[in-house]
There are 2 protein chains.
Amino acid sequence: MDRPIAAVVLAGGTGTRLYPATRGDRPKQFLSFGDEQSMLEATVERAGFADRVYVLTRPSFAADVEELVPSATVLTEPAPKDTGPALAYAAHRVREELGPCAMLALPSDHRITGEFEPTARRACRVATDTERLVTIGVEPDRPATGYGYIEPGPDRDEFYEVTSFTEKPDRETAERYRKRGYYWNSGTFAWTPDAFLDAAGDTELEPLVDALDGGDPQRGFEAVPSISVDYAVLESAPNVAVVPAEYGWDDLGSWDALARVLEPDDDGNVTLGESLTLDASNNVIATDGHVSAVGVEDLVIASFDDRTLVVDKDDAQRVREVVDQLRTDGTF
Amino acid sequence: MDRPIAAVVLAGGTGTRLYPATRGDRPKQFLSFGDEQSMLEATVERAGFADRVYVLTRPSFAADVEELVPSATVLTEPAPKDTGPALAYAAHRVREELGPCAMLALPSDHRITGEFEPTARRACRVATDTERLVTIGVEPDRPATGYGYIEPGPDRDEFYEVTSFTEKPDRETAERYRKRGYYWNSGTFAWTPDAFLDAAGDTELEPLVDALDGGDPQRGFEAVPSISVDYAVLESAPNVAVVPAEYGWDDLGSWDALARVLEPDDDGNVTLGESLTLDASNNVIATDGHVSAVGVEDLVIASFDDRTLVVDKDDAQRVREVVDQLRTDGTF
């Protein structure tokens, strides 16, 4: 079955754990992190093999998105309610415009190395051939505790059936999963709009799916909670498949991730931007200005515009708490 | 003997250990560090009881000095060569203009609390009455290793004779000095121009003193090394007196000093500017923007303009090395 492919790039989030590079009006996908292109541009380019590329974003980012990626069609979501509602909305819009198709959903703020297209095409093929919901799985290279894990079931040649999902395990469990051949749930999906909306109709997203059919997306968004597509749909759906990624992947989710994607100096310091270090080791430094570090180790030092963050590398996830507080104060 | 008092405020330095608040074009004395006035303004105001107030600075700072303290007479030194040559030059200029007088020399970047005038007047009186070189001594409240110590000799009622000077002792020696009643050499002096130039004429500064008499200060500065007045003159002069300070004093010489002059929060963090701390303790934070600190302790985090410095509190003196490197790179 050879249906058109609609790539839907999700660009409505902010990537708060990369504060202060990210700010309320400057989300992660607009940043480049050492590359020539912004992550959004790279994502749209990577999806260029699709028959049509959509970017789904929030209204306040739409103008910037149009400027950055003029080749893409911009969709704006009625409200920011995480990936569950967003993808139901996108599926409905895409089906309206293209009819039967494969919808490839991909985050706009992940770093991919190697060839994305072969894996993505295979995921779309599985989605259209089997009407399954397909997630692209990444082989873990460490016992990360911040990701969702996929337990693969029977091998169906082009894919594995999915036996179960587990969110954010502890380190020991993550290590066991890795040894058993589990995959990370990378947030890149393929399905037909029909299959996805059918599955979503049996979940908390039902009021939204009904409202979309009734032509009132705004009311639909008001009727559902903020919820990820994993929690809302994939973890409960019976017909989920995983296609292993044949490319390199990093979500660059928090500052400590820079240590994975950049080359360290002789003291183990990783730097994005300009820095000077004296007897400082194993730090992650990122700045659009200039950072000096003396006699310190295992820190993240991030300084952008007039904002600076210093956090122990082990606490990199806690940047979220900083942003929560700044949001409360109205200064994010 | 009631001679006029000429206050000479030394404002030619940069205060490099407070980088990045200080920069090549923004020396410490122009900054306020939480007070309403800049340190230079406060110093000139403090010296206001003098019959005339001079500010000695380098040509590149002269316009800013004139703007900040229009009531003072600006002198520009022919070359930046530390306090020895600077004070010889100032003594000569002041004598030319005022004739016999007491010259009160004071740094422009120290923080004084309490009454400065009584001690300063007493120092001037001792200087004119005895023709001694007078230094104002501060009673140590800790075994600081970064200062010069003064061993007081016989008590002459208004002053002590000085038995010896010691520069930058180790901690143990500093502790012993403190117990024995030594004073810190605060860099605030009083003398008559005649007495000072006579004493300087017997030192490495002789070529400068001669050249000043010959009307060629430029050549005089070229003929002498960069040298502090302590090394050049006071430590070898036979007629030095110390007058104990009856005011509070801090040189705010490096970032860790902020912990002495600002009130800490419940976690022992001291902040100048805006900050947010989570499980962070005993840090010194200074910024003209906003700093977030998570899970870190005993750090100095200073962020101004596009520059950020993170240094272990114990290494606060090493900021000098950072600045040396930046100067080499032409980016200070």
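Small disclaimer: the values here were computed from a predicted structure and weren't measured. Starting from 1, residues in each chain are numbered consecutively following that chain's sequence as written. Throughout, the order in which chains and ligands are written sets their labels, letters from A for the former and numbers from 1 for the latter. In view of the model being predicted, local features appear only for residues whose pLDDT reaches at least 70, and side-chain atom pairs are presented and counted only at 80 or more, with totals across whole chains, interfaces and linings using the full set of residues. Hydrogens and water molecules were not included; the side-chain quantities draw on all heavy atoms of the structure.

*Asks:* It is not clear to me how the packing of aromatic side chains should be interpreted in this structure. Could you clarify?
*Replies:* Any aromatic ring pair is given by two values, namely how distant the centres are and how the planes are angled relative to each other. Residue and element names in this part refer to chain A. Each aromatic pair joins two rings of Phe, Tyr and Trp (for Trp, the six-membered one) with centres within 6.5 Å, and gets the label stacked for planes under 30 degrees apart, edge-to-face for over 60, and tilted for any other angle. Counted under the stated rule, the structure contains 30 aromatic pairs over all chains. Seen in terms of ring centroids, F116 and Y247 are 5.2 Å apart; in terms of plane orientation they differ by 55 degrees. Their pairing is tilted. Linking F116 in the loop between β5 (111-113) and α4 (117-130) with Y247 in the loop between β10 (240-244) and β11 (248-250), this pair joins segments that are 131 residues apart in sequence. On the basis of relative accessibility, which here comes to 4%, the residue F116 falls in the buried class. In this scheme, a residue with accessible area under 20% of its type's maximum is buried, one over 50% is exposed, and one in between is partly exposed, where area comes from a 1.4 Å probe on protein chains only. Classification of Y247 as buried rests on a relative accessible area of 7%. Where W184 meets W249, the ring centres are 6.0 Å apart and the plane angle is 50 degrees; that geometry is what we call tilted. Taken together, the residues W184 in strand β9 (residues 183-191) and W249 in strand β11 connect sequence positions 65 residues apart. What makes W184 buried here is its relative accessible area of 1%. Accessibility expressed as a relative area gives 12% for W249, which makes it buried. Members of the aromatic cluster, joined through ring pairs, are F33, W255 and F304. By definition, any uninterrupted DSSP run of H or I lasting at least four residues is a helix, any uninterrupted run of E lasting at least two residues is a strand, and each is numbered from the N terminus.

*Asks:* When you look at the side chain of K81(B) in this model, what are you seeing that I'm missing?
*Replies:* Residues and elements named next belong to chain B. Residue position: K81 is located in the loop between β3 (73-76) and α3 (83-98). Just so you know, the count uses Lys and Arg for positive and Asp and Glu for negative, and it drops His and the chain ends. A pair is scored as a salt bridge if a Lys or Arg side-chain nitrogen falls within 4 Å of a carboxyl oxygen belonging to Asp or Glu. Buried charge K81 goes without a salt bridge, the closest partner of opposite sign being E222 at 8.2 Å. There is a polar contact of 3.0 Å between the side chain of K81 and the backbone oxygen of F221. Dropping the residues within four chain positions of it, K81 is found in contact with F221, E222, V224, P225, S226 and I227. For the purposes of these results, a polar contact is taken to be a pair of N or O atoms within 3.5 Å, where, inside protein, one atom must be able to donate a hydrogen and its partner to accept one; residues adjacent in sequence count only when each atom of the pair is a side-chain atom. Two residues qualify as a contact provided that any one of their heavy atoms is within 4.5 Å of a heavy atom in the partner residue.

*Asks:* Quick question: what am I supposed to make of the packing of helix α3 (residues 83-98) of chain A against helix α6 (residues 193-200) of chain A here?
*Replies:* How two helices sit against one another is set out by the angle between their axes and by the gap between those axes. Residue and element names in this part refer to chain A. The contact between α3 and α6 brings their axes to 9 Å, and the two run at 140 degrees. As judged from the angle between their axes, α3 and α6 are oblique. The interaxial crossing formed by α3 with α6 has left-handed handedness. Residues L87, A88, A91, H92, V94 and R95 of α3 pack against P193, D194, F196 and L197 of α6. Each residue gets one of three labels, nonpolar for Ala, Val, Leu, Ile, Met, Phe, Trp, Tyr, Cys and Pro, charged for Asp, Glu, Lys and Arg, and polar for the others, Gly among them. Partitioning the contact of α3 with α6 into residue classes produces seven nonpolar, one polar and two charged. Interaxial angle, 0 to 180 degrees, is taken between N-to-C directions of lines fitted to C-alpha atoms, where a helix line uses only the stretch in contact. Comment on the angle field: the value is read as roughly parallel under 35 degrees, roughly antiparallel over 145, roughly perpendicular from 65 to 115, and oblique elsewhere. Crossing handedness is defined as follows: a turn of the near helix away from the far one that is anticlockwise and smaller than a right angle gives a left-handed crossing, while the clockwise case is right-handed.

*Asks:* For this particular structure, what's the right way to read helix α5 (residues 171-179) of chain A?
*Replies:* Three or four residues apart is the spacing at which side chains of an α-helix point the same way, because the helix has 3.6 residues per turn. Residue and element names in this part refer to chain A. Of all the positions in α5, only T173, A174 and Y177 are classed as buried. Each buried residue of α5 lies within a common arc of 100 degrees when the element is viewed along its axis, so the set occupies one face. Along α5, the residues that are exposed and aim more than 90 degrees away from the buried face are R171, E172 and K179. Contacts from the buried residues of α5 go to β7 (148-155) and β8 (160-167). Looking one or two residues past α5, G181 carries a phi angle of roughly 85 degrees, positive in sign. It is the directions from the helix axis to the C-beta atoms whose arc is reported.

*Asks:* Which parts of the structure should I look at to understand the UniProt feature "domain: Nucleotidyl transferase" (unreviewed entry) in chain A?
*Replies:* The residues that UniProt annotates with the feature "domain: Nucleotidyl transferase" (unreviewed entry) are residues 7-261 of chain A. Here residues 7-261 of chain A is 35% helix and 24% strand, with 26 Å between the C-alpha atoms at its ends. UniProt positions are given in the numbering used here, feature names are shortened, and annotations may be inferred rather than shown by experiment.

*Asks:* Any chance you could explain the interface of chain B and chain A here in plain terms?
*Replies:* Often, the extent of an interface is quoted as the loss of accessible area upon association of its parts. Contact residues are listed per partner, giving 29 residues for chain B and 29 residues for chain A. Here chain B and chain A share two salt bridges between them. A salt bridge links R318(B) to D279(A), with the nearest nitrogen and oxygen atoms 2.8 Å apart. One can count 16 residue pairs in polar contact (both at pLDDT 80 or more) joining chain B with chain A. Broken down by secondary-structure element, the contributors of at least two residues to the side of chain B that touches chain A are β12 (270-278), β13 (284-294), β14 (299-304), β15 (307-312) and α11 (319-328) of chain B. The residue makeup of the side of chain B that touches chain A, split by class, is 14 nonpolar, seven polar and eight charged.

*Asks:* So what exactly am I meant to see when it comes to the relation of the copies chain B and chain A here?
*Replies:* Related by rotation about an axis and a shift along that axis, the two copies of the chain form a pair. Rotating chain B by 180 degrees and translating it 0.0 Å along the rotation axis places it on chain A, where the RMSD comes to 0.0 Å. Here the symmetry operator amounts to a two-fold rotation axis. Both copies contact each other with a shared surface, as 100% of the interface residues of chain B are interface residues in chain A too. Copies overlap after least-squares fitting; the atoms used are the C-alpha atoms of residues with pLDDT of at least 70 in both.

*Asks:* Please clarify how the packing of α3(B) against helix α7 (residues 206-213) of chain B should be interpreted in this entry.
*Replies:* Residues and elements named next belong to chain B. One way to put it is that α3 packs onto α7 with a least axis distance of 10 Å and a crossing angle of 25 degrees. Between α3 and α7, the angle falls in the class roughly parallel. At the point where α3 passes α7, the crossing takes the right-handed sense. Every residue of α7 that contacts α3 at P85, A88, Y89, H92 and R95 is listed here: L208, L212 and D213. Here the contact of α3 with α7 is composed, by residue class, of five nonpolar, one polar and two charged.

*Asks:* Quick question: what am I supposed to make of the environment of I5(B) here?
*Replies:* All names here are of chain B. Within the secondary structure, I5 is located in strand β1 (residues 5-10). Along the chain, I5 and A50 lie 45 residues apart, while their C-alpha atoms are 5.1 Å from each other. Discounting chain neighbours no more than four positions away, the residues touching I5 are F49, A50, D51, R52, A102, L104, R121 and C124.

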